[in-house]
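Residue-level listing of the chains:
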Amino acid sequence: MNLSSAIQKKIFHIVSFSAQKIKQDSYVVGGYVRDFLLGKIKSKDVDILTIGEGIKLAQEVSKNMKPHPKIKIFRRFGTAMLKCENQKIEFVGSRKESYHFYSRKPFIRLGSLQDDQNRRDFTINALAISLNRDNYGELIDPFGGLSDLKKKILRTPLNSDITYSDDPLRMMRAIRFATQLQFTIEEYSFKSIQKNKNRINIVSTERIIEEFNKILLSEKPSIGLLLLYKSGLLSIILPELTLLKGIEKKNGCKHKDNFYHTLQVVDNISQVKTNSLWLRWAALLHDIGKAYTKNFTKIGWSFHAHEFVGSKMVPNIFQRLKLPKGGPMKYVKKMIQYSYKPIALIGNQISDSAIRRLLFDLGKDLEDLMKLCIADITTNNIEKRKQYQKNIYILMERIQKLEEKDRIQNWKSPISGNDIMKTFQIDPCKEIGIIKNFIKDSILEGKISNDFHSAYLFMLKKGEELGLKKK
Ligand code: CTP
């Protein structure tokens, strides 16, 4: 097998030479081999497995490189890492593992290459390429991983129940790989995930979310979200989403399945804007309030104020899933709260001041909100879809024109608190806030233009009303 780029080839030769010197066989293993065989290698980390001590091999490799790279040693795990020309290389000794039922942390003992391949998660991740002199470049594939790569199948090397129960994070990894690579999880393996789903509870939230985010950031997240749903994992991780599943019919009137709708919206947003994790989270959660606001009225199904209810649910979800509390949480909350606003603003009868307010409230996030609105159009009726999209584009044009004229998006009050204090010779007090709000509202409502002179006159007017005098 012809191994990769010039740098990688050089690294592999040094590893091979070093391993031979200390009489330890060595192999390239894991994701590198998988992605290399898929033709996907760019500058991926390289995992080197050695039959013996990983740290010892790393030290020998460093000795044989010029300049000698620094080694990071993880003694507790018996592993080491070094960097060569920006390429990370990890060294690990071959291992045999056994697990406690209540933990995903294994007991580790030294083992053979076969032992090490046995303990890996999927056949496509259990491939090894030899770096030994007698069979350099040979692919060692005891479980038919290459054939699974070609057939686009995810299969565990050993009994799936053992593989998943030993390390339940692998259930998330199976679904993540199925989504990223668009592979199928073999039937028996998927049934095993369904059977073992509750074992996910021994995995830390951070690790679960790491995989979940990779699913969300993939090209077509709905593949993974659907697998998470079918496996039963989604109702453990994000029950708010599974509550959206189902269609109810009353008096011949039915509503759409908001779960499938959400999946479609997430896919749509993933096509519009790549790698914006938090916009994808916003799309994922944009309708969660619907499960709690569903109501059948004289005019049919309604989900009144679902955006408000949904946005209120965001802080708890973020806290539970250990997602970042600051900016990302506020952004997702805001996106959901305003998700229906542009639709409500469609039509000529809407005033400029309502649009100015939207520009003010959303600021630079308005572009993302409009993208979310377009992604939210999932009707199969082509005529309706075209009409909805056209309405949004018309609104976007109006927004753009108004922004060019009034510059609201990055709005800063033309009158500062200092200006007010100086004019009326007052110390900091609540009247300053009242005047500033009055000026802001007057600009957004179009009563005055967004400049210092107009704002100054309105400051004097409001000051007078509050009993203040210009000094
Ligand atoms: N592995 C495993 N079980 C896990 C995690 C990892 O068996 N829970 C094994 C797999 O053989 C995997 C290798 O360790 O290929 C390296 O793991 P990692 O670097 O996490 O993943 P990659 O397969 O390299 O894929 P990616 O970089 O896309 O996450």
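A quick note: this is a predicted structure, and the numbers were derived from the prediction, not measured.

Undergrad: Describe in detail the overall build of the chain, supporting the description with residues and values.
TA: For the chain, the helix and strand inventory stands at 24 helices and 15 strands. Taking 2.2 N^0.38 as the reference for a compact globule, 471 residues should give roughly 23 Å; the C-alpha atoms of the chain span a radius of gyration of 30 Å, well beyond that estimate. Once the C-alpha set of the chain is aligned to its principal axes, its extents read approximately 90 × 65 × 40 Å. Per-residue burial for the chain yields a buried fraction of 49% across its 471 residues. At a minimum sequence separation of 6, the contacts of the chain that also span at least 24 residues come to 66%. Between the averaged position of the 81 positive side-chain charges in the chain and that of its 50 negative side-chain charges there is a distance of 1 Å.

Undergrad: Requested: an account of the site of the ligand, with residues and values cited.
TA: Neighbouring residues of the ligand: 14 residues in total, closest Arg34, Lys44, Arg120, Asp121 and Asp167. Those elements that provide at least two residues to the shell around the ligand are helix H2 (31-37) and helix H7 (169-181). Sorting elements by how many residues they give to the shell around the ligand places H7 first, with 4 residues. Split by residue class, the shell around the ligand holds 1 nonpolar, 3 polar and 10 charged. Structurally, the shell around the ligand is a two-domain feature, drawing no fewer than three residues from each of domain 1 (6-151) and domain 2 (152-237).

Undergrad: An account of the sheet that holds strand S9 (residues 139-140) is requested, with residue identities and associated values reported.
TA: An order of S3-S4-S5-S2-S1-S8-S9 is seen for the 7 strands of this open sheet, with the pairing classed as mixed. Both edges of this open sheet fall to strand S3 (71-74) and S9, since each of them pairs with a single strand only. Here 6 bridges tie strand S4 (residues 79-84) to strand S5 (residues 87-93), and the two strands are oriented antiparallel to one another. Across the sheet, the residue bridging to Thr79 is Val92, located in S5. Across the sheet, helix H1 (residues 6-21) is in contact with strand S1 (26-29), strand S2 (46-50), S4 and S5; its angle to S5 comes to roughly 30 degrees.

Undergrad: Residue-level account of the domain arrangement of the chain, with values.
TA: As a measure of interface size, the accessible area lost when the parts come together is often cited. Its domain assignment divides the chain into domain 1 (6-151), domain 2 (152-237) and domain 3 (417-465). Between the C-alpha centres of domain 1 and domain 3 there is a distance of 67 Å.

Undergrad: Explain the packing of H7 against helix H9 (residues 205-216) residue by residue, including any values.
TA: Look at H7 against H9: their axes get within 9 Å of each other, and the N-to-C directions meet at 10 degrees. In terms of orientation, H7 and H9 fall into the roughly parallel class. For the pair H7 and H9, contact is made by Leu169, Met172, Arg173, Ile175, Arg176, Thr179 and Gln180 and by Arg207, Ile208, Glu211, Phe212, Lys214 and Ile215, respectively. A class-by-class count of the residues in the contact of H7 with H9 yields 6 nonpolar, 2 polar and 5 charged.

Undergrad: Can you break down the pairing of S5 residue by residue, with the values?
TA: Taking burial as the measure, the 7 residues of S5 include 5 buried ones, the bulk of the element. Summarising the sheet, S2 and S5 pair through 5 bridges and their orientation is parallel. Its bridge partner being in S5, Leu49 is matched across the sheet by Val92.

Undergrad: Can you break down helix H8 (residues 187-196) residue by residue, with the values?
TA: In an α-helix there are 3.6 residues to a turn, and that puts residues three or four apart on one side. Three or more residues of H8 are buried, namely Ser189, Phe190, Ser192, Ile193 and Asn196. Looking straight down H8, one finds its buried side chains confined to an arc of 155 degrees; they lie on one side. Turned more than 90 degrees away from the buried face of H8, the exposed residues are Glu187 and Lys195. Buried residues along H8 sit in contact with strand S10 (153-154), helix H6 (160-166), H7, strand S11 (184-185) and helix H10 (221-231).

Undergrad: A description of the side chain of His261 should follow, citing residues and the corresponding values.
TA: Summarising the element assignment, His261 is placed in helix H13 (residues 258-272). Judged by its relative accessible area of 5%, His261 falls in the buried class. Polar contacts involving the side chain of His261 include one to the side chain of Asp287, which spans 3.5 Å. For His261, the residues in contact, after removing those within four places along its chain, are Lys256, His286, Asp287, Asp376 and Thr378.

Undergrad: Would you mind going over the pairing of S3 in detail, with residue names and values included?
TA: Two strands pair when backbone bridges link them, and S3 and S4 are joined in this way by 4 bridges, in the antiparallel orientation. The residue of S4 that forms the bridge with Ile71 is Leu82. Linkage of S3 to S4, two consecutive antiparallel strands, is achieved through a turn of 4 residues, within which Gly78 is found at a positive phi near 70 degrees.

Undergrad: For the pattern of salt bridges, give the residues involved together with the corresponding values.
TA: Under the defined criterion, the tally for this structure stands at 22 salt bridges. Here Lys191 and Glu187 are joined by a salt bridge, their closest N and O atoms 2.9 Å apart. Placement of both Lys191 and Glu187 in helix H8 is noted, with a separation of 4 residues, approximately one turn of the helix. The shortest N-O distance in the salt bridge between Asp365 and Lys364 comes to 3.7 Å. The buried category is assigned to Asp365, whose relative accessible area is 12%. Connected through shared salt-bridge partners, Lys21, Glu60 and Lys63 make up one network.

Undergrad: I'd like a description of unusual backbone geometry, backed by residues and values.
TA: The phi angle of most residues is negative, glycine excepted, and most peptide bonds adopt the trans form. The peptide bond linking Lys66 to Pro67 adopts the cis configuration, its omega dihedral lying at -10 degrees. Within the fold, Pro67 resides in the loop between helix H3 (54-63) and S3. With phi around 70 degrees, Asn86 is a residue other than glycine that occupies positive phi space. For Asn86, the position within the fold is in the loop between S4 and S5. Overall, Asn86 belongs to the exposed group, its relative accessible area being 70%. Despite not being glycine, Gln425 shows a phi value in the positive range, around 50 degrees.

The rules behind these values
- Residues numbered from 1 in each chain as written.
- Predicted model: local features only at pLDDT ≥ 70, side-chain atom pairs only at ≥ 80, totals over all residues.
- Heavy atoms only, no water.
- Helix = DSSP H or I, 4+ residues; strand = E, 2+ residues; numbered from the N terminus.
- Rg over C-alpha atoms; globule rule 2.2 N^0.38 Å.
- Buried < 20%, exposed > 50% of the residue type's maximum accessible area, 1.4 Å probe, protein only.
- Contact = heavy atoms within 4.5 Å.
- Lys, Arg positive; Asp, Glu negative; His and termini not counted.
- Charge placed at Lys NZ, Arg CZ, Asp CG, Glu CD.
- Near = heavy atom within 4 Å.
- Nonpolar A, V, L, I, M, F, W, Y, C, P; charged D, E, K, R; others polar.
- Domains from an automatic or database assignment.
- Pairing = 2+ DSSP bridges.
- Axes fitted to C-alpha atoms, helices over the stretch in contact; angles between N-to-C directions.
- Parallel < 35°, antiparallel > 145°, perpendicular 65-115°, else oblique.
- Arc of directions from axis to C-beta.
- Polar contact = N/O pair within 3.5 Å; in protein donor to acceptor, adjacent residues only side chain to side chain.
- Salt bridge = Lys/Arg side-chain N within 4 Å of Asp/Glu carboxyl O.

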